[in-house]
Number of protein chains: 2
Amino acid sequence: MRMAELSRESGLPVATIKFYLREGLLPPGERTSPNQARYSDEHVRRLRLTRALIDVGGLSVASARAVLDAMEEGPIAALATAQDAMVEPIGAEDQWSRERYEELVQNMGWEVYADSAAAQHLRDLLVTARNAAGIDFVADWSAYAEHADAVARHDLAWIAGLPDLEGTISGAVVGTVLGAAYFNALRMLAHQHYSKQRWPNASLPPAE
Amino acid sequence: MRMAELSRESGLPVATIKFYLREGLLPPGERTSPNQARYSDEHVRRLRLTRALIDVGGLSVASARAVLDAMEEGPIAALATAQDAMVEPIGAEDQWSRERYEELVQNMGWEVYADSAAAQHLRDLLVTARNAAGIDFVADWSAYAEHADAVARHDLAWIAGLPDLEGTISGAVVGTVLGAAYFNALRMLAHQHYSKQRWPNASLPPAE
């Protein structure tokens, strides 16, 4: 298909597609003349995935490109890069948070990458929640780890059911990024529900 | 305390504190001379909360200010503003996603704000996950809603145990923003654990 049809199929303006081509998020089409190229269904799929990561997953263009590149290297690399793209450690962790982290991981029986961005971010969070609101997440919010464990078991079982390697890789990426956003949105809706029960006479200001 | 001590206590550079004062995230101190002011423990608490929202919660300065302002209006306003600060609807929802959303909310028995940013974002996510990876979150990932419901019940029970109104409000805000980040980090660690079981011979590339 031509650029105009790629734009129609993907629902994206031509300018956006050209930007992604320049930035390397989309591989070039097959050149058919000095200023025309032909694109395939693969380009449409890639554009949809790119928009999912950026628009609703909240990834930067640079992070999305890193994830798309890592997908060439297999599911584990894709998963790790998607995780790295989602969190930014700030180096707030201290001795206390490292001990709480160790206790958590041991309690859960998790074998994890202690130097990963996710693990660093978690230790940042522990010390920040304590300093900002006196919360000891590991002790007081232990239900979270159990539910996260159950959700992750669900995710890996779901990935195991995907039909081929390509589907497994894009499933791992979309599941990681959009799955996180999905859980977050569900948690907020459930908060609305239970807040209404707790404060029945209050009303939420309308969303902007 | 003077600015220098506020900086020491909060662990923030003076320039950052002055920026927050200018931007209205921190109320002014009590003026003691034309170019000196005195700050209180309340300022330290406020700075810690601000950094928690921005650094590990991922909120923009503008969103953090909106949340801090809403905290003056009570727990429901604080909760709603924290939710709005965390998601940005993109208007991708369509008839299909509205129907899936209705089915989800009905199945869960949730009474929610259908026009809230969280609900709009969820409908955006449903259509995006379908287009990018053929996932029907509501049908195929129904476990998520159950776990989100349980987590939200935990959160409201935890809030109910907080000793006073001020604590309830900052608890609602920190719980909403940092709790989301905490669940996300836990889910990623659990993914690492179960991925190692599924692909025992693969190794993650080191984090940057």
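Residues numbered from 1 in each chain as written. Chains lettered and ligands numbered in written order. Predicted model: local features only at pLDDT ≥ 70, side-chain atom pairs only at ≥ 80, totals over all residues. Heavy atoms only, no water.

An unreviewed UniProt entry lists chain A under the name MerR family transcriptional regulator, with Ammonicoccus fulvus given as the organism.

Caption draft 1: Local environment of the environment of Gln36(B). Residue and element names in this part refer to chain B. Tracing the backbone shows glutamine 36 in strand 2 (residues 36-38). Overall, the relative accessible area of 37% leaves glutamine 36 in the partly exposed class. A C-alpha to C-alpha distance of 8.3 Å links glutamine 36 and methionine 3, two positions 33 residues apart in sequence. Apart from residues lying up to four places away in sequence, glutamine 36 is in contact with Arg2 and Arg31. (Helix = DSSP H or I, 4+ residues; strand = E, 2+ residues; numbered from the N terminus. Buried < 20%, exposed > 50% of the residue type's maximum accessible area, 1.4 Å probe, protein only. Contact = heavy atoms within 4.5 Å.)

Caption draft 2: Focus on the interface of chain A and chain B. Contacts between the two partners involve 88 residues from chain A, matched on the other side by 88 residues from chain B. Between chain A and chain B the total buried area reaches about 8800 Å² when both faces are included, carbon and sulfur atoms providing 75% of it. Looking only at chain A, the three residues that lose the most surface to chain B are Tyr113(A), Tyr144(A) and Tyr182(A), adding up to 9% of its buried area. Close ionic contact of Lys196(B) with Glu111(A) constitutes a salt bridge, the shortest N to O distance being 3.4 Å. Along the contact surface separating chain A from chain B lie 29 residue pairs in polar contact (both at pLDDT 80 or more). Contributions of two or more residues to the side of chain A that touches chain B are made by helix 3 (41-56), helix 5 (75-86), helix 6 (95-108), helix 7 (117-133), helix 8 (137-140), helix 9 (142-160) and helix 10 (165-198) of chain A. Each residue belonging to the side of chain A that touches chain B can be placed in one class, and the counts come to 57 nonpolar, 18 polar and 13 charged. (Buried area = accessible area lost by both parts, 1.4 Å probe. Salt bridge = Lys/Arg side-chain N within 4 Å of Asp/Glu carboxyl O. Polar contact = N/O pair within 3.5 Å; in protein donor to acceptor, adjacent residues only side chain to side chain. Nonpolar A, V, L, I, M, F, W, Y, C, P; charged D, E, K, R; others polar.)

Caption draft 3: Here's a closer look at the nonpolar core. Ranked by internal contacts, the top residues of the largest apolar core, which has 139 residues, are Tyr182(A) and Tyr182(B). Both of domain 1 (3-85) and domain 2 (87-198) of chain B provide at least three residues apiece to this core. Setting aside anything within four residues of it in sequence, one finds Tyr182(B) in contact with Leu104(A), Leu122(A), Leu125(A), Leu126(A), Phe137(A), Val138(A), Trp141(A) and Tyr144(A). (Core = buried A, V, L, I, M, F, W, Y, C linked by side-chain atoms within 4.5 Å. Domains from an automatic or database assignment.)

Caption draft 4: Molecular detail of the relation of the copies chain A and chain B. For the pair chain A and chain B, the relating rotation is 180°, the translation along its axis is 0.0 Å, and the fit reaches an RMSD of 0.0 Å. The superposition of one copy onto the other is thereby described by a two-fold rotation axis. Residue His147(A) of chain A places its C-alpha closer to the rotation axis than any other residue of that unit, at 3.0 Å. (Least-squares fit on C-alpha atoms with pLDDT ≥ 70 in both.)

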